[in-house]
Amino acid sequence: MRNEMIFNESLKYMPGGVNSPVRAFKGLNINPPVLKKGKGQFVYDEDGKKYVDYVGAWGPMILGHCDEEVLEFVKQTLENSIAFGAPTELELKLASLVCETIGVDMIRFVNSGTEATMSAVRLARGYTNRSLIVKFMGCYHGHYDGFLVSAGSGVLTQGIPGSSGVPLDSIKNTIIAEYNDIEGIKKIFESYGDDIACVLVEPIAGNMGVVPSKREFLMELRRLCTNYGAILIFDEVMTGFRVAYKGAREIYGVEADIVTLGKIIGGGLPCGAYAGRREIMENLSPIGPVYQAGTMSGNPVVMAAGYATLKKIYDSKKSFYDRLEKTGLLLEESLRKVLNKKGLPHVINRAGSMLTVFFTTQDRVENYSHAKKCNINIYNKFAEEMIKMGNYVSPSQFEALFISIKHTEEDIEKFVEDLDKINF
Ligand SMILES: *Cc1c(COP(=O)(O)O)cnc(C)c1O
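Note that this is a predicted model, so its numbers are computed, not measured.

As a further point, take the sheet that holds strand β15 (residues 391-392). Strand order across the open sheet formed by four strands is β1-β2-β3-β15, with mixed pairing between neighbours. In this open sheet, the two strands that pair with only one neighbour each are β1 (35-39) and β15. Looking at chain direction, β1 and strand β2 (residues 42-45) are connected through four bridges and run antiparallel. Following the sheet pairing, G38 is matched in β2 by V43.

Written out as structure tokens, the structure is:
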């Protein structure tokens, strides 16, 4: 049992045995499989057990694991360079590809989604010369102090830090609002509108489970930001290149001032980015007063993986997202059929190839309060049994299942057959 051995040893050297908390399978009665290899839609653990992968490295593996073209371009790049900390043509290739295909003027690459959102907020504050930021309950934007606020609906300075080690001072400029609540956000702007630097939102939330926003809600955010001179930031770290090539902006037809990207943009290597109009982006150092830097930013190998991934998606754009939608819809419908047959009350939220099944008697899940009311015990049982049977799903209710371009009807068939065997 190499899995057990390696994980138990890891517990000695890394807190919880992991480098990011969700990987520890807290709440499940099984240890996380220690993964060794991935190919296409499959991953393999240290004991050689094979799983259909519905985590996809939490989003980036949209082409499936070890795509040949991505691997080839990364290998070629490695022969010339691992790092320079200097301008490279690869940066330009990825920057121009992204800017031209998603319709933004300029981009800055960083090393993670967290860095992208915290830098975007700094840019918005610098640009507007204001301090307040609005974030929504249940939206996750990385682990920057100012975003780690759990409660305090709509009330300034009364938020409670969502983590130990976050001083009240760090969150006193963060206003928390309810997702999809138009009246709530209007009231916040009526009270604080002239001091709000930016509204930060996942246009399709993926970090309370999948919870799409309502179009009128996003349109209202757009309207309020424009009227009050605040910056609208769409955090598309998860949804960018995932729900559509241009992300949720494409689906809703609502524009943001700054978009943050991550996950898929690095093809699985550490990468994040923020992008927007020239007039805003030119406030960044070295040409503007807003400081932001990174020794590793724009690393050539990372740029190569990102470029090869995005180029491949872009070149097959229509058929690519059609296929993801088809597989996603099949998973949704098959899931619903089995759960109905078993008499298990549930809500399935899906945006293309990302999906969450909430076990609940509520008829919809539209915000964090709804999501929190779901039966976590049933979800944990679902995750545990599915993983044991070789379907590698998220160990947490508040994450999505991701489908790659490599997933097939047979994979989905296995998924629902296995689900049918569970005794809830
Ligand atoms: C994953 C995620 C982040 C954080 O990105 P990291 O690379 O983990 O720092 C931020 N925002 C959203 C919407 C995410 O899904």
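A surface patch of negative charge is lined by E409, E410, E413 and E417. Within the secondary structure layout, E409 lies in helix α14 (residues 409-421). Residue class for E409 comes out partly exposed when judged on its relative accessible area of 48%.

On to the site of the ligand. Taken together, the residues surrounding the ligand are S112, G113, T114, Y140, H141, G142, E202, N207, D235, V237, M238 and K263. Residue T114 places a side-chain N or O atom 2.6 Å away from an oxygen atom belonging to the ligand. Between the ligand and the protein, one listed contact pairs an oxygen atom with a side-chain N or O atom of K263 at 2.6 Å. Relative to its unbound accessible surface of 380 Å², the ligand loses 83% to contact with the protein. A per-class count over the shell around the ligand returns three nonpolar, six polar and three charged.

Applying the stated criterion to the full structure yields 16 aromatic pairs. Aromatic side chains F136 and Y179 sit 6.3 Å apart centroid to centroid with 75° between the ring planes, which places their arrangement in the edge-to-face category. You can see F136 sitting in strand β5 (residues 132-136) and its partner Y179 sitting in the loop between β6 (174-177) and α6 (182-192), a full 43 residues away along the chain. Under the relative-accessibility criterion, F136 is labelled buried at 0%. Overall, Y179 belongs to the buried group, its relative accessible area being 1%. Ring plane angle 75° and centroid distance 5.2 Å describe the contact between F320 and Y321, whose orientation is recorded as edge-to-face. The exposure classification of F320 matches that of Y321, with both residues buried. The ring of Y44 is capped by K37, whose NZ or CZ atom sits 5.0 Å from the centre of that ring. Over the face of the ring belonging to F42 we find K50, whose NZ or CZ atom lies 4.1 Å from the ring centre.

Take the nonpolar core next. Counting 110 residues, the largest nonpolar core has F136, F241, I265, L310 and F415 as its most contacted members. For this core, the leading source of residues is helix α10 (residues 300-315), giving nine residues. Counting the residues that make up this core, at least three belong to each of domain 1 (2-66 + 317-421) and domain 2 (68-315). When near neighbours in sequence (up to four residues on either side) are disregarded, L310 contacts L94, L97, V98, F241, Y245, I264 and I265.

Attention shifts here to the UniProt feature "modified residue: N6-(pyridoxal phosphate)lysine" (unreviewed entry) in the protein. As recorded in UniProt, the feature "modified residue: N6-(pyridoxal phosphate)lysine" (unreviewed entry) lies at K263. You can see K263 is positioned in the loop between β11 (258-261) and β12 (272-276). In this structure, K263 is in contact with W58, P60, V237, M238, G268 and C271, ignoring residues within four places of it in sequence.

Evaluation of the coordinates by the stated rule reveals 26 salt bridges. K312 serves as the salt-bridge partner of D67, at 2.7 Å between the closest nitrogen and oxygen. With D67 in the loop between β3 (50-53) and α2 (68-80) and K312 in helix α10, this pair connects stretches of sequence that are 245 residues apart. Judged by its relative accessible area of 7%, D67 falls in the buried class. For K312, a relative accessible area of 26% gives the class partly exposed.

Overall, the prediction assigns the protein a mean pLDDT of 95, with 97% of residues at 70 or greater. In the predicted structure, residues 151-158 sits below a pLDDT of 50 and forms 17 contacts with residues beyond four places in sequence or in another chain.

How each quantity is defined
Residues numbered from 1 in each chain as written. Predicted model: local features only at pLDDT ≥ 70, side-chain atom pairs only at ≥ 80, totals over all residues. Heavy atoms only, no water. Pairing = 2+ DSSP bridges. Helix = DSSP H or I, 4+ residues; strand = E, 2+ residues; numbered from the N terminus. Patch = residues over 30% accessible without salt bridge, like charges linked within 9 Å, V, L, I, M, F, W, Y side chains within 5 Å. Areas by Shrake-Rupley, 256 points an atom, 1.4 Å probe, with all protein chains shown as cover. Salt bridge = Lys/Arg side-chain N within 4 Å of Asp/Glu carboxyl O. Lys, Arg positive; Asp, Glu negative; His and termini not counted. Charge placed at Lys NZ, Arg CZ, Asp CG, Glu CD. Buried < 20%, exposed > 50% of the residue type's maximum accessible area, 1.4 Å probe, protein only. Near = heavy atom within 4 Å. Polar contact = N/O pair within 3.5 Å; in protein donor to acceptor, adjacent residues only side chain to side chain. Nonpolar A, V, L, I, M, F, W, Y, C, P; charged D, E, K, R; others polar. Phe/Tyr/Trp six-rings, centres within 6.5 Å; stacked < 30°, edge-to-face > 60°. Lys NZ or Arg CZ within 6 Å of the ring centre and 35° of its normal. Core = buried A, V, L, I, M, F, W, Y, C linked by side-chain atoms within 4.5 Å. Domains from an automatic or database assignment. Contact = heavy atoms within 4.5 Å. UniProt positions renumbered as here; feature names shortened; annotations may be inferred. pLDDT = per-residue confidence, 0-100.

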